[in-house]
Amino acid sequence: MPPLTISADHARRFLVTRHLLAPPRSLPAEPESVLTAVERLGLLQFDPLEVPGARNHDLVLHARVAGYRREWCDQWLYGPDRRLIELYNKSLNLLPMHELPHYRISWQRSAAYYDDDILTKQADVAKAILKRLKTDAPLSTAAFSEHGHAVDWWWAPTRASRAVMEALFVTGRIGISRRDGNRRYYDLIERLVPAELLKLKESEEEAMTHRLLSRYRATGMTMPTGGTQSEVMYSAGPTADRVRRTARLVDDGVLLPVEVEGLKATRYILAAEEPILDATADPTSLTPGVSFLGPLDPLIWDRKGLLRGLFEFDYLWEVYVPEAKRRWGYYVLPMLFGDRFVGRIEPRLDRKAKALAVLGIWFEPWFEPMETPGFILAFADAMEAYRAFTGAEGITWPRTRAGRLIASAL
């Protein structure tokens, strides 16, 4: 199939529209909108930090769902009608429960390693944990203080109970029943997942193909190869396999190849989203608005190929950068207006004071916020939505030129 050829402007309009960001916060204010967003994106990346007043996946949903409340997502993860599940894919992700059979490959691969490693070396601990969970679940690692001896684990030595429970989690023996803050409470996996789903299995080839497809669903337009593209395709298989499986998905009519003017390599989009591509060919099709994106939002996963190459926006989440080397700040969010990234903002919530402090706001050198039609009203709407979302009662602004300009305009 010969690739479609589109302009960079068209590609940007397509991406923000299919990412449910044009306009932002356009999904209905109801819990079911969380499922709509997850089905569109395929997955949400979990990160426990809540510095700006929310976790990453809550920021992703807030940008797309009107009046979003974090308990809406939690009810689908931890409530009696579980529609989402926490599993490792690109990283720790929130995935649709009905897609579990595609992701059992993660359990199988982890079991091949951990069964002969920590789950053998700490077999008595694993047996004690599973026995206790059978009668007293859900339980956190705090319930197993008697197994507090240190063992080597992922990043550093940790308590045996924690390491073993994480090993049991990544191998599919137990699952996360609920969270209290960021503390995980585990239960046996058969109590959390419908029995008919647990019975379903598929070949490694089919599973890895679906895992690759999840990357295309998340980003909206990407490619199977390339340098830092490995961040986007991480754990989706070696490059040669990704290329082969991509070709198969094209032959099967699942993906469409696209050439974007100004970008070197062929990209791929979901064939089911071709109507969105057609609708966004019109430059006037976009309904602009302002949104603040989470640092792990799927739209910005491909930081080299799409974010820098197509959107001409250079973003690095500096939370792991030493303070002295940070260019912007600890937890800075990209700011999207229409189909362009026009700046960044660093909100910080003080929960006790119910105050939202904007520690910094920066605009791209080419962007003039006070002179751009519609921006101030759209920004005010985004700030009010964010204030309500975090539960803050007031907002303070930095004493910088940009901060003073925005504060005076609002």
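Residues numbered from 1 in each chain as written. Predicted model: local features only at pLDDT ≥ 70, side-chain atom pairs only at ≥ 80, totals over all residues. Heavy atoms only, no water.

A. Broad picture of the pairing of strand β7 (residues 174-180). A large share of β7 lies buried, amounting to five of its seven residues. Bridge analysis of β7 against strand β8 (residues 183-188) gives six bridges, and the strand direction is antiparallel. Within β8, the residue paired with aspartate 180 across the bridge is arginine 183. Counting the residues that bridge the hairpin from β7 to β8 gives two residues, and of these glycine 181 lies at a positive phi of roughly 70°. (Buried < 20%, exposed > 50% of the residue type's maximum accessible area, 1.4 Å probe, protein only. Helix = DSSP H or I, 4+ residues; strand = E, 2+ residues; numbered from the N terminus. Pairing = 2+ DSSP bridges.)

B. Examining the sheet that holds strand β15 (residues 394-396) more closely. Pairing within the open sheet is mixed, and its five strands lie in the order β11-β12-β13-β14-β15. Where the open sheet ends on each side, the last strands, each with one partner, are β11 (290-292) and β15. Strand-to-strand twist of the sheet, defined as the mean angle between neighbouring strand axes without regard to direction, takes the value 30°. Direction of pairing for strand β14 (residues 355-363) relative to β15: parallel, over a ladder of three bridges. Note that in β15 the partner of alanine 357 across the bridge is threonine 396. Lying over the sheet, helix α16 (residues 375-390) contacts β11, β12 (333-337), β13 (340-350), β14 and β15, oriented at roughly 40° with respect to β11. (Axes fitted to C-alpha atoms, helices over the stretch in contact; angles between N-to-C directions. Contact = heavy atoms within 4.5 Å.)

C. Expanded view of the packing of helix α5 (residues 100-114) against helix α8 (residues 160-170). Where α5 meets α8, the closest approach of the two axes is 8 Å, and the angle between their N-to-C directions is 135°. Classified by the angle between their axes, α5 and α8 sit oblique to one another. Within the contact between the two elements, α5 uses Ser106, Trp107, Ser110 and Tyr114 and α8 uses Ala167, Phe169 and Val170. Its residues assigned to classes, the contact of α5 with α8 shows five nonpolar, two polar and no charged. (Parallel < 35°, antiparallel > 145°, perpendicular 65-115°, else oblique. Nonpolar A, V, L, I, M, F, W, Y, C, P; charged D, E, K, R; others polar.)

D. Representation of the nonpolar core in the model. In this structure, Phe292, Met335, Phe375 and Phe379 are the most contacted members of the largest nonpolar core, which totals 104 residues. Counting residues in hydrophobic clusters, the runner-up holds 15 residues, among them Trp107, Leu197, Ala218 and Trp301. (Core = buried A, V, L, I, M, F, W, Y, C linked by side-chain atoms within 4.5 Å.)

E. Summary view of the sheet that holds strand β1 (residues 4-6). One open sheet holds the three strands; their spatial order is β1-β9-β10, and the pairing between them is mixed. Looking at which strands have only one partner, the edges of the open sheet turn out to be β1 and β10 (267-270). The mean angle between the axes of side-by-side strands here comes to 40°, regardless of whether they run parallel or antiparallel. Inspection of the sheet shows strand β9 (residues 255-260) paired to β10 by four bridges, in the antiparallel sense. Looking at β10, one finds that leucine 255 is bridged to leucine 270.

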